[in-house]
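What follows is the residue order along each chain.
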Amino acid sequence: AQSVTQPDIHITVSEGASLELRCNYSYGATPYLFWYVQSPGQGLQLLLKYFSGDTLVQGIKGFEAEFKRSQSSFNLRKPSVHWSDAAEYFCAVVSAGGTSYGKLTFGQGTILTVHP
Amino acid sequence: SAVISQKPSRDICQRGTSLTIQCQVDSQVTMMFWYRQQPGQSLTLIATANQGSEATYESGFVIDKFPISRPNLTFSTLTVSNMSPEDSSIYLCSVEDPWEGGKTQYFGPGTRLLVL
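What counts, and at which threshold
- Residues numbered from 1 in each chain as written.
- Chains lettered and ligands numbered in written order.
- Predicted model: local features only at pLDDT ≥ 70, side-chain atom pairs only at ≥ 80, totals over all residues.
- Heavy atoms only, no water.
- Pairing = 2+ DSSP bridges.
- Helix = DSSP H or I, 4+ residues; strand = E, 2+ residues; numbered from the N terminus.
- Axes fitted to C-alpha atoms, helices over the stretch in contact; angles between N-to-C directions.
- pLDDT = per-residue confidence, 0-100.
- Contact = heavy atoms within 4.5 Å.
- Buried area = accessible area lost by both parts, 1.4 Å probe.
- Salt bridge = Lys/Arg side-chain N within 4 Å of Asp/Glu carboxyl O.
- Polar contact = N/O pair within 3.5 Å; in protein donor to acceptor, adjacent residues only side chain to side chain.
- Nonpolar A, V, L, I, M, F, W, Y, C, P; charged D, E, K, R; others polar.

Student: Give me the sheet that holds strand β3 (residues 19-25) of chain B: which residues, what numbers.
Tutor: All names here are of chain B. The antiparallel open sheet is built from four strands, whose spatial order is β1-β3-β8-β7. Both outer strands of the open sheet, β1 (4-7) and β7 (68-72), are each paired with one neighbouring strand and no more. Here the average twist between neighbouring strands, direction ignored, is 15°. Pairing of β7 with strand β8 (residues 75-80) involves three bridges; the strand directions are antiparallel. Following the sheet pairing, Ile68 is matched in β8 by Leu78.

Student: Residues and numbers for the confidence of the model for chain A, please.
Tutor: A residue-level look at chain A finds 94% of positions with pLDDT of 70 or above and a mean pLDDT of 91. Within chain A, the lowest mean pLDDT, 91, falls on strand β11 (residues 104-106) of chain A, and the highest, 98, falls on strand β3 (residues 19-21) of chain A.

Student: Go over the interface of chain B and chain A, please, and point to the residues and values.
Tutor: Counting residues at the interface gives 21 residues for chain B, matched by 22 residues for chain A. Interface area lost by chain B to chain A is led by Ser42(B), Lys103(B) and Phe107(B), which between them contribute 32%. Counting every contact that joins chain B to chain A gives one salt bridge. Among the ionic pairs, Glu58(B) bridges to Lys103(A), the shortest N-O distance being 3.1 Å. Viewed at the interface, chain A and chain B are joined by eight residue pairs in polar contact (both at pLDDT 80 or more). Among the secondary structure elements, those contributing two or more residues to the side of chain B that touches chain A are β4 (31-37), β5 (43-50), β9 (89-96) and β10 (105-107) of chain B. The dominant element in the side of chain B that touches chain A, judged by the number of residues it contributes, is β4(B), at four residues. Taken together, the residues that form the side of chain B that touches chain A break down as nine nonpolar, seven polar and five charged.

Structure (structure tokens):
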């Protein structure tokens, strides 16, 4: 069964500092990977996704993520964090076949706090 | 991407009652999904709702507790039946956007449910 692990439950950074959120997945085939962000009281917003091709993908709000097959990782990065980036971030993988086609499996989430 | 709305945005209900949550999409989509996010937790798929067929439920979720309707390609409802405090969660619907090769899900803003 597919699974997603986000090792860091809570990360605190200073505004302007760089950010990396870790994500490791377990999946039997080529994964389709996503990062979503959930601001307090809001739904989920798609930041970026990886299906194939270039392993470095660019997303909205200045975020990028790098797919590393050898490490089963899909870490999210941002060079300079803004106070408005404070939110919870979810990594997810989708099932591409079988009875659970289309099912998104989410990691536990990483809460990002930004200090001024 | 599709624009998704949910009603109600939040509600406080008494135990033993039922609540129906509506999900409306601004374009026709084949696949819709319902997720639950318990307090401080990640998202868990409840069921997949395809128009014209019975909803497919994930392990641990049953139709008697979470009946789903999908009358057309832009609308779905999820009912939380015979509620208990353990049902207090955020319920989110999502759609698979057909214009991005499938597999990309966009989420509604969620319905925040508190059961007393």
